[in-house]
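# Summary of structural features
What follows is the residue order along each chain.
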Amino acid sequence: MMILDGKNIGIKFDNRWLYQKVDFQLNQAHNLALIGDNGVGKTTLIRAMLGKIPLTTGEFKWYDAEQHKIAYVPQYRPDMQAFPLRIKDFVALTFDQGLRPWLSKEEKSRLQHILEITNLTNIAEQRIDRASGGERQRAYLAQALVQNPNILILDEATANLDNVAKYGLMDVVAAYQKRYQLTTIMVSHDIDIMQRYADEYLLLTKQGSEYGDITQLDIAKLREGGESFV
Ligand SMILES: Nc1ncnc2c1ncn2[C@@H]1O[C@H](COP(=O)(O)OP(=O)(O)OP(=O)(O)O)[C@@H](O)[C@H]1O
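Report follows, based on the coordinates. Just so it is clear, the model here is predicted, and its values are computed rather than measured.

## Observations regarding the overall build of the protein chain
In terms of regular secondary structure, the protein chain is built from seven helices and nine strands. When its C-alpha atoms are laid out on the principal axes, the protein chain stretches across 50 × 35 × 35 Å. Burial analysis of the protein chain (230 residues in total) assigns 33% to the buried set. Long-range pairs, those at least 24 residues apart, make up 72% of the contacts in the protein chain between residues at least 6 apart in sequence.

## Some points on the site of the ligand
Within the structure, the ligand sits among Phe13, Asp14, Leu18, Gly36, Asn38, Gly39, Val40, Gly41, Lys42, Thr43 and Thr44. Among the elements that line the shell around the ligand, the one with the most residues is helix α1 (residues 42–49), at three residues.

## Brief notes about the sheet that holds strand β5 (residues 70–73)
Strand order in the open sheet formed by six strands is β5-β6-β7-β3-β8-β9, with mixed pairing between adjacent strands. Sheet topology places β5 and β9 (208–213) at the edges, where each strand pairs with a single neighbour. The average undirected angle you get between the axes of adjacent strands in this sheet is 15°. Pairing of strand β3 (residues 31–36) with strand β7 (residues 183–187), which is carried by four bridges, proceeds in the parallel orientation. Of the residues in β7, the one forming a bridge with Ala33 is Met186. Set on the sheet, helix α4 (residues 133–145) makes contact with β5 and β6 (151–155); between it and β5 the angle comes to about 170°.

## As for the environment of Val91
Locating Val91 in the fold gives a position in helix α2 (residues 87–92). With 26 C-beta atoms counted inside 10 Å, the residue Val91 sits in the buried group. Contacts of Val91, omitting those with residues within four sequence positions, involve Leu111, Ile114, Leu115, Ala139, Ala142, Gln143 and Val146.

## Points about the sheet that holds strand β2 (residues 16–27)
Taken together, the three strands give an open sheet; going across it, the order is β2-β1-β4, and neighbouring strands pair in antiparallel fashion. The sheet is open, and its two edges are formed by β2 and β4 (57–62), each paired on a single side. Neighbour to neighbour, the strand axes of the sheet diverge by 15° on average, direction disregarded. Of the strand pairs in this sheet, strand β1 (residues 2–13) and β2 are connected by eight bridges, and their pairing is antiparallel. Within β2, the position partnered with Met2 by the bridge is Asn27.

## Considerations on helix α5 (residues 163–180)
Across its 18 residues, α5 extends 26 Å between first and last C-alpha, which sits within 8% of the 26 Å expected from 1.5 Å per residue. If you follow the buried residues of α5, they end up packed against α4, β6, β7 and α6 (191–197).

## Considerations on the environment of Gly168
Relative to the helices and strands, Gly168 resides in helix α5. Take Gly168: there are 18 C-beta atoms within 10 Å of it, and that puts it in the partly exposed class. Placed 122 residues apart in sequence, Gly168 and Ile46 show a C-alpha to C-alpha distance of 25 Å.

## Things to note about the nonpolar core
Formed by 54 residues in total, the largest nonpolar core has its most connected members in Leu34, Val91, Ala142 and Met186. Per element, the largest residue contribution to this core is six residues, and it comes from α4. Among all residues touching Met186, those that are not within four sequence positions of it are Asn31, Leu32, Ala33, Leu34, Leu154, Tyr197 and Ala198.

Calculation criteria
Residues numbered from 1 in each chain as written. Predicted model: local features only at pLDDT ≥ 70, side-chain atom pairs only at ≥ 80, totals over all residues. Helix = DSSP H or I, 4+ residues; strand = E, 2+ residues; numbered from the N terminus. Buried ≥ 20, exposed ≤ 12 C-beta atoms within 10 Å, placed from the backbone. Contact = placed C-beta atoms within 7 Å. Near = placed C-beta within 6 Å. Pairing = 2+ DSSP bridges. Axes fitted to C-alpha atoms, helices over the stretch in contact; angles between N-to-C directions. Expected span 1.5 Å × (residues − 1). Core = buried A, V, L, I, M, F, W, Y, C linked by C-beta atoms within 7 Å.

Written out as structure tokens, the structure is:
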């Protein structure tokens, strides 16, 4: 089922086109890999999709717009700010508690469920600033999932992680996706991750864009042309 139809998308900054004539769709419970060299405008496309910046041409048509809840998982950086909080408290930060210092019964049970799903239950009492990169990134994922989104944006979420940690993270996303019909947009430079986990791809280049089933992605061409793929 289509939830977003992007038609003839074009974005121009200061008389310079980032891209034009970008067409793609986002389908429910699918994972869309958003691919392109550094600076081509992937983050800008996501910001435009969320209505934070205007399009120069084209339109985004959201289906059932009022029902969508979007959550975001940032790129893990070794120097990322980590608070002296227990992992479970860190994950719970994204609950909208207002001034209420305690969690409701529903929030507690949702928190437990998400800690379980993200394989954090055993270390939930440990401090986030002492966790490994993979554990910390799963905690960021848990922060996003605890909000009960139906659309998740992974912004180079596996960059800087070792293999065990990156597949660990993506396996959690894939399982959640299947179980709860989560739709995912994954910005990635990692060809193996795209091939394993994406259903469709949108490749942005200065010359034009390409959208299709992930099995149609020309890996050899990507490796040749793009300096930023691993
Ligand atoms: N508001 C703006 N005004 C002018 N130029 C902008 C604006 N926002 C982004 N740009 C430019 O648009 C280009 C694309 O930036 P963007 O961050 O979307 O790229 P990206 O593909 O996400 O890159 P990376 O892979 O490095 O994260 C950059 O050259 C950036 O400087």
